[in-house]
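Structural features, examined
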Amino acid sequence: MIGACGLPFGLGRPSTAQLENGAADNMAKAKSFEAKGSMTQDSKPYTFDIEYVAPSDVHISAQQAGLNFEVLQVNGSVYYKGTDYLNSLTTDADAKKVFKAAGSRWITSKDIQSIDTSSITDVNKVKASFLTTIAQQRTDDVTVDGRQTAELTLSDSILNISEDQPYQLVRVRSVKGKTVNGVTDMDMTFSNYGKDFSLSQPTDAFNLDDPTTWPPYYQVDSVSQKTVSGTTSCDDPCVLSAVIENRGGVNGASAPSTVTFSLTSDTDNSVLGSCKVTIQPDKPHAQKFNASCSIQSSAWTNFSGNYHYRADIDNPAFD
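Residues numbered from 1 in each chain as written. Predicted model: local features only at pLDDT ≥ 70, side-chain atom pairs only at ≥ 80, totals over all residues. Heavy atoms only, no water.

1. Notes on the sheet that holds strand β5 (residues 77–81)
Note the cut-off: DSSP bridges decide pairing: two strands pair if at least two such bridges lie between them. Under the DSSP-based scheme used, a helix requires at least four consecutive residues in state H or I and a strand at least two consecutive residues in state E, with every element numbered from the N terminus. What makes two residues a contact is simply this: any of their non-hydrogen atoms within 4.5 Å. A fitted line through C-alpha atoms serves as each axis, taken over the contacting stretch for helices, and the angle formed by two N-to-C directions is quoted from 0 to 180°.
Reading across the sheet, the 12 strands line up as β7-β8-β9-β10-β11-β1-β2-β3-β4-β5-β6-β12 and stay open at both edges, with mixed pairing between neighbours. Single-partner strands in this sheet number two, and they are β7 (137–144) and β12 (206–207). The strands touched by helix α2 (residues 16–29) are β1 (32–41), β7, β8 (147–153), β9 (157–162), β10 (169–174) and β11 (183–191); relative to β9, the strand with the most contacts, the crossing angle is about 80 degrees.

2. Some points on the packing of α2 against helix α6 (residues 123–130)
This is how the line gets drawn: Each angle is binned into one of four classes, with values under 35 degrees roughly parallel, values over 145 roughly antiparallel, values of 65 to 115 roughly perpendicular, and all other values oblique. Whether a crossing is left-handed or right-handed is set by the direction in which the near helix is turned from the far one by less than a right angle, anticlockwise for left-handed and clockwise for right-handed.
It is the contact of α2 with α6, at a shortest axis distance of 9 Å, that shows an interaxial angle of 125 degrees. In terms of orientation, α2 and α6 fall into the oblique class. Handedness of the α2/α6 crossing: right-handed. Where α2 approaches α6, its residues N21, A24, D25, M27 and A28 are matched on the opposing element by V123, V126, K127 and F130.

3. What to know about the confidence of the model for the protein chain
Under the convention used in this document: As a per-residue quantity, pLDDT reports the predictor's confidence and falls between 0 and 100.
Per-residue confidence for the protein chain averages 91 on the pLDDT scale, and 96% of its residues sit at or above 70. Here residues 1–11 is modelled with pLDDT under 50, and outside its nearest four sequence neighbours on either side it reaches two contacts, counting other chains as well.

4. Overview of helix α4 (residues 93–102)
What counts here: A 1.4 Å probe rolled over the protein chains alone gives each residue an accessible area, and that area as a share of the maximum for its type sets the label: buried under 20%, exposed over 50%, partly exposed in between. The arc in question is the one traced by the directions running from the helix axis out to the C-beta atoms. N or O atoms closer than or at 3.5 Å make up a polar contact, with two conditions inside protein: a donor-capable atom paired with an acceptor-capable one, and, for residues adjacent in sequence, both atoms drawn from side chains.
A95, V98, F99, A101 and A102 are the residues of α4 that are buried. Across the axial projection of α4, the buried residues extend over an arc of 160 degrees, all falling on one side. Where α4 is buried, its residues meet α3 (83–87), β6 (107–108) and β12. Capping the start of α4 is the job of one residue whose side-chain oxygen sits 3.1 Å from the backbone nitrogen of D94: D92.

Written as structure tokens, this is what we have:
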């Protein structure tokens, strides 16, 4: 009966030190766990859901100021997903094209920095991250997500640690008005200790270091014209040809790429005519090939003067 009712004055309960040390030790030794919450960092609001699998695999789903993104680290390789979020990090037009081409696929590169998980796998770092000072206040029998916890109030944060063994960190939230390492308004819950999250490497990743994983990305190497015999002027109809090379791969295009040939007056930049060729089927990476078409128009037939010609590629996945 005494055990059922609970001993008075905290008798029979683990000490605060036992809770703190146990929570830090169990987190560092955990095979896996999930952390969900929200915070504000550098004035930007975040919500997040983190799945961690020892020793260093992590899957993060997050939203920053309305922009969704994901980060995945598996077997030492790091992947990102979220075109709008990635575009917000750069002003480089070429980078934005690449992110657009990746679409909903995972993006990876050997230059992407790995995620340091030592803050949750090293006992001392766990304490430095979550148990920075001695608890100033303790309240027992606080229910969080259906678990009985001891609520510990520190100078910068409030922790909830399960009172039954194994002692586990259940919730962390920052003290109102406190800023720690640029973070405010943090509220994070921990659950699913030991769960199998089945994290695995993506099979269709967009590798920034391997263009063969990209959609087709055709570029013009050279353009030529079929001239009237004995002149330097294009015939009528004007046949234009281009040597084209695929700098990308063959998967993931939303539509076939096209080549638009055009004739333009040097005097006023008026277009004298144009024609378009569809590249289909797609050519393998690094393969060069020829494309051509004929321009026939009254503007060209009646033109006399200097002109220039060109070929422009439209790669739907990138443009």
